[in-house]
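# Report on the structure
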Amino acid sequence: MNSLRSSQLSAMLFLSAAFTILCQTASWTMEGIFGTGIAVAVQFLLCVPIFLLYRQGFSLSDGDVKHRLLSTLLLGYLLVRGGVSFVRLQRASDALTLPVSGKFFAAALIALVCIYTASLGIRALARSSTLILGLLLFALAVLLLGAVPQAEPQNLSLSTDDTIFRGFLREMACADELPLLLLFDQMAHRRVRSTLQFLAGKLGLFAFLALLGMAVLGDRMAHSPLPFFSTISVSQPFSTQRADALYLVIFVMLCVLRITLFTVFAARCLAQLLPRLQYASTICLGGMLAISAAAAHFSISTVWQIAAMVLFTSLIPLGLLLRQKFGGKTP
């Protein structure tokens, strides 16, 4: 873990969040941009206990027995969020032309790829994140090139169907990468900078896509189940060749990176609980697929999603800090 650079950490978290942004089903609005900006500021403040905790020498992998409960809770959280990611993939497959039939079959194929990528470890994933980030930026440039001729600036107006508070709640419910900061050991002096880069990049990407989508789609935004895919469908930069293949490749790569990231750390938590267990990554991915099959039939309340994020990002680290201060023990 200590060989990771701050840019690699921020890139992995940013790309994971990018997948969630591309899968958003709610309409993009000006209120949503303002709400997201407020949520991003709140998220950074929520991360402060993690920053302070690691400055005191905290490490989840130090073998302390009291961390087994935390590892168990984190394992459950990572499995659920990984399962939700598969659900988002299956819902987005309606707007994609995948070379396979069946939503669950597509998710299973992605899981097979993730088994291999997870076996390579977090360092390989960190190195690949730089390449994927470059490809994403190239795809965004192609999208901008195709969207400018279709854009109508008068479409950039406030919406009567959305509020800043709703935008705030949507972003807070999607901030499931923040608890991963608990799992990056030996990066105390780089965690703050990485988090700032990640949050700024996430806000910038959302604002870019939202403004572009509103300008291109206009009134059609209200009838779009997946705003990103509706935007790219009408923003083709080349008259003789569609760019759909580029967006499909980027989307799949983001999906694989996100699920692999959650799988690697879920497998790590499982290995801490059961050191002799083999094929931890495969077991975790199987659990995520099972959760996705169940979660596809019901939705998880926004309140519970925010509560879980706050618990791991702020409340538990704060509790460990207080225990250290008043209990006289190292965290």
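Conventions used here
- Residues numbered from 1 in each chain as written.
- Predicted model: local features only at pLDDT ≥ 70, side-chain atom pairs only at ≥ 80, totals over all residues.
- Heavy atoms only, no water.
- Patch = residues over 30% accessible without salt bridge, like charges linked within 9 Å, V, L, I, M, F, W, Y side chains within 5 Å.
- Areas by Shrake-Rupley, 256 points an atom, 1.4 Å probe, with all protein chains shown as cover.
- Salt bridge = Lys/Arg side-chain N within 4 Å of Asp/Glu carboxyl O.
- Helix = DSSP H or I, 4+ residues; strand = E, 2+ residues; numbered from the N terminus.
- Buried < 20%, exposed > 50% of the residue type's maximum accessible area, 1.4 Å probe, protein only.
- Axes fitted to C-alpha atoms, helices over the stretch in contact; angles between N-to-C directions.
- Parallel < 35°, antiparallel > 145°, perpendicular 65-115°, else oblique.
- Left-handed = near helix turned anticlockwise from the far one by under 90°.
- Contact = heavy atoms within 4.5 Å.
- Nonpolar A, V, L, I, M, F, W, Y, C, P; charged D, E, K, R; others polar.
- Polar contact = N/O pair within 3.5 Å; in protein donor to acceptor, adjacent residues only side chain to side chain.

## As for a nonpolar patch on the surface
- The grouping of Phe34, Ile38, Leu158 and Ile164 at the surface amounts to a nonpolar patch, some 380 Å² of accessible area in total.
- Among the secondary structure elements, Phe34 is positioned in helix 2 (residues 30-46).
- Taking relative accessible area as the criterion, Phe34 reaches 43% and is therefore assigned partly exposed.

## Brief notes about the packing of helix 3 (residues 48-55) against helix 8 (residues 191-217)
- One can describe the packing of helix 3 onto helix 8 by two numbers: an axis separation of 10 Å at closest approach and a directional angle of 155°. Between helix 3 and helix 8, the angle falls in the class roughly antiparallel. When the axes of helix 3 and helix 8 are compared, the crossing they make is right-handed. Counted together, Ile50, Phe51, Tyr54 and Arg55 of helix 3 and Arg191, Val192 and Thr195 of helix 8 form the full contact between these two elements.
- Broken down by class, the residue content of the contact of helix 3 with helix 8 amounts to four nonpolar, one polar and two charged.

## Some words on the side chain of Ser85
- Among the secondary structure elements, Ser85 is positioned in helix 4 (residues 67-92).
- Polar contacts involving the side chain of Ser85 include one to the side chain of Arg258, which spans 2.6 Å.

## Things to note about the packing of helix 8 against helix 9 (residues 227-234)
- At a minimum axis separation of 10 Å, helix 8 and helix 9 run at an interaxial angle of 55°. In terms of their interaxial angle, helix 8 and helix 9 are classed as oblique. When you trace helix 8 past helix 9, the crossing you get is left-handed. From helix 8, Leu209, Gly213, Val216 and Leu217 reach across to helix 9, where they touch Pro227, Phe228, Ser230, Thr231 and Val234.
- Across the contact of helix 8 with helix 9, the residue classes break down as six nonpolar, three polar and no charged.

## Considering helix 3
- Burial in helix 3 covers these residues: Pro49, Ile50, Phe51, Leu53 and Tyr54.
- Gly57, located one to two residues past helix 3, shows a positive phi value of around 90°.

## Observations regarding the pattern of salt bridges
- One pass over the full model with this rule turns up five salt bridges.
- The salt bridge partner of Arg170 is Asp162, with a shortest N-O separation of 2.8 Å.
- Exposure remark for Asp162: the relative accessible area of 8% places this residue in the buried category.
- A network of salt bridges, in which partner residues are shared, links Arg81, Asp176, Glu177 and Arg258.

## Regarding the environment of Ala107
- Considering the arrangement of structural elements, one finds Ala107 in helix 5 (residues 103-119).
- Placed 19 residues apart in sequence, Ala107 and Arg88 show a C-alpha to C-alpha distance of 9.9 Å.
- In this view, Ala107 contacts Phe86, Leu89, Gln90 and Leu289; residues no more than four positions away in its chain are not counted.

These figures come from the coordinates and say nothing about function on their own.
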